Amino acid sequence: MLFDIAGILMNFKGMNDFFVERCSSFIKENDQSLLTEKIDMDVSIEKVDHIKIPEGDLILDESAKWLRKKDPEQGYFIYMHNRNTKMVATTLEADPKWKSIKIQYIESDLPFPIKEQTELIRWDDYRSFQLAGITYRNHLLSRDSITIHSSAFAAGGKGVIISAPSGTGKSTHARLWKEFYGDEVVFVNDDRPAIRFLDHIPMLCGTPWSGSTDVYSNMKVPLNCIVMLEQSPINSIEQLEMERALQLLMPRCFLPYFDKELMDMAIITLENLIRAVPVYLLKCRPDYEAVELVWKCLNQ
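Thresholds, definitions, all that
- Residues numbered from 1 in each chain as written.
- Predicted model: local features only at pLDDT ≥ 70, side-chain atom pairs only at ≥ 80, totals over all residues.
- Heavy atoms only, no water.
- Helix = DSSP H or I, 4+ residues; strand = E, 2+ residues; numbered from the N terminus.
- Rg over C-alpha atoms; globule rule 2.2 N^0.38 Å.
- Buried < 20%, exposed > 50% of the residue type's maximum accessible area, 1.4 Å probe, protein only.
- Contact = heavy atoms within 4.5 Å.
- Pairing = 2+ DSSP bridges.
- Core = buried A, V, L, I, M, F, W, Y, C linked by side-chain atoms within 4.5 Å.
- Salt bridge = Lys/Arg side-chain N within 4 Å of Asp/Glu carboxyl O.
- Axes fitted to C-alpha atoms, helices over the stretch in contact; angles between N-to-C directions.
- Parallel < 35°, antiparallel > 145°, perpendicular 65-115°, else oblique.
- Nonpolar A, V, L, I, M, F, W, Y, C, P; charged D, E, K, R; others polar.
- 1 Å grid on protein atoms, 1.4 Å probe; cavity = no way out; pocket = protein on both sides within 12 Å on 5 of 7 lines; lining within 4 Å.
- Points joined across faces, edges and corners; volume = space filled by probe spheres on them.

**Digging into the overall build of the protein**
What the protein contains, in helices and strands, is six helices and 19 strands. Taking 2.2 N^0.38 as the reference for a compact globule, 300 residues should give roughly 19 Å; the C-alpha atoms of the protein span a radius of gyration of 20 Å, in line with that estimate. Each of the three principal axes of the protein carries a C-alpha extent, and together these read 55 × 45 × 40 Å. The proportion of buried residues among the 300 residues of the protein is 52%. The long-range fraction of contacts in the protein, counting pairs at least 24 apart against all pairs at least 6 apart in sequence, stands at 64%.

**Structural notes on helix α4 (residues 242-249)**
Listing the buried residues of α4 in full gives Ala-245, Leu-246, Leu-248 and Leu-249. Where the residues of α4 are buried, they touch β17 (220-231), α5 (260-276) and β19 (279-284).

**Examining the pairing of β17**
Inspection of the sheet shows strand β13 (residues 158-163) paired to β17 by five bridges, in the parallel sense. Each residue of the ladder has a partner; that of Val-160, found in β17, is Cys-225. As paired elements, strand β16 (residues 201-205) and β17 share three bridges and run antiparallel to each other. Considered in β17, the bridge of Leu-204 is made with Val-221.

**Section: the nonpolar core**
If you look at the biggest cluster of nonpolar residues, it comprises 68 residues, and the most contacted ones within it are Phe-19, Trp-98, Tyr-136, Ile-146, Ile-226 and Leu-273. Looking at this core, the element that brings in the most residues is helix α2 (residues 123-140), giving eight residues. Apart from the residues within four sequence positions on either side, Tyr-136 is in contact with Ile-5, Ala-6, Ile-8, Met-10, Met-41, Thr-207 and Trp-209. Within the second largest apolar cluster, 21 residues are counted, among which are Ala-155, Ala-164, Leu-282 and Val-291.

**As for the pattern of salt bridges**
Within the structure shown, the criterion is met by 11 salt bridges. With its nearest N and O atoms 2.9 Å apart, the salt bridge here joins Lys-97 to Glu-261. Note that Lys-97 is positioned in the loop between β7 (88-94) and β8 (100-106) and Glu-261 in helix α5, a separation of 164 residues in sequence. By relative accessible area, Lys-97 is classed as partly exposed at 32%. When the shortest N-O distance is used, the salt bridge between Asp-264 and Lys-260 registers 2.9 Å. Within this pair, Asp-264 and its partner Lys-260 are both found in helix α5, separated by four residues, close to a single helical turn. Overall, the relative accessible area of 63% leaves Lys-260 in the exposed class. A single salt-bridge network, built from bridges that share partners, covers Lys-38, Asp-40 and Arg-143.

**Overview of the sheet that holds strand β5 (residues 65-68)**
Across the sheet, eight strands lie side by side as β1-β2-β3-β8-β7-β6-β5-β4; this open sheet has mixed pairing. At either margin of the open sheet sits one strand with a lone partner, and together these are β1 (2-5) and β4 (57-61). Each adjacent strand pair in this sheet contributes to an overall mean axis angle of 20°, direction not counted. In terms of strand pairing, β1 meets strand β2 (residues 8-14) through four bridges, oriented antiparallel. For Asp-4, the partnering residue across the bridge sits in β2 and is Leu-9. Where α2 meets the sheet, its contacts fall on β1, β2, β3 (41-48), β5, β6 (76-81), β7 and β8, and the angle it forms with β8 comes to roughly 165°.

**So, the packing of helix α3 (residues 170-181) against helix α6 (residues 288-298)**
For the pair α3 and α6, the least separation of the axes is 10 Å and the interaxial angle reads 80°. The angle between α3 and α6 places the two elements in the roughly perpendicular class. Where α3 approaches α6, its residues His-173, Leu-176, Trp-177, Phe-180 and Tyr-181 are matched on the opposing element by Tyr-288, Ala-290, Val-291, Glu-292, Val-294, Trp-295 and Leu-298. Classifying every residue of the contact of α3 with α6 gives 10 nonpolar, one polar and one charged.

**Brief notes about empty space enclosed by the protein**
This model, assessed by the stated rule, comprises one cavity of 30 Å³ or more. The space that makes up the largest cavity amounts to roughly 70 Å³. Every residue along the wall of the largest cavity is listed here: Gln-130, Gly-133, Ile-134, Tyr-136, Arg-137, Thr-147, Arg-192, Thr-207 and Trp-209. Looking at the lining of the largest cavity, its residues break down into three nonpolar, four polar and two charged.

Below is the structure:
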């Protein structure tokens, strides 16, 4: 099955109903022209009976363990444990450019509730979907593109990113835009939008990976404004110079600290983004006046 996600053509193989449903709006219909189109990513998901812990050099040890293969030119492994049995339950194998991806999992009936959704899904389906999202955002880095932890929307056809540490209120601020401006506002992604330079223009792009919500759209819109949010009893806004903008925005990006080549590409993309799009610091309350301050900057 083929998916076109922000201009990245992903060839997906395997059985994962949650993945297919979540990506349904990104399905690329089969036609003869696809025979000559370039596949950007191959992602396969396979159910297995046993998983061997992969070998490599540990580079990240969080909820998942990340390994660099003994030969760095061969790529990476990621593996995760079953939360109940503590056995290795899922592995991901990737080449250095994150183009060819193989995910294996041991089937589990353990249900997983997604925040803000009522249905329960299989934990291994959800985990595989999230791992595919990791590969997607790492692949983007070599394509003049980057993923920013943010709430993103289009207002009157202009792309806006609201970014801040978790719990600051970026989703609340984005919802205020919809409340006040109605149909002029369309949500692009409420957690992990992609920003791609397409024909040298920074485009805000929807992806199906939106954290624990299902707020996302299959759309691209020129990115016109980046807002770094900070809670304050007084509303104020200021445009940031490059150094300060980079200081605030960089921690909100999904960056490959484990890979120098990809990291260099990411920093170049981030610097080009700040040069092309104004970055503002909005100190605010969650009210209409704060929204209006950004609206004026967006339309000046």
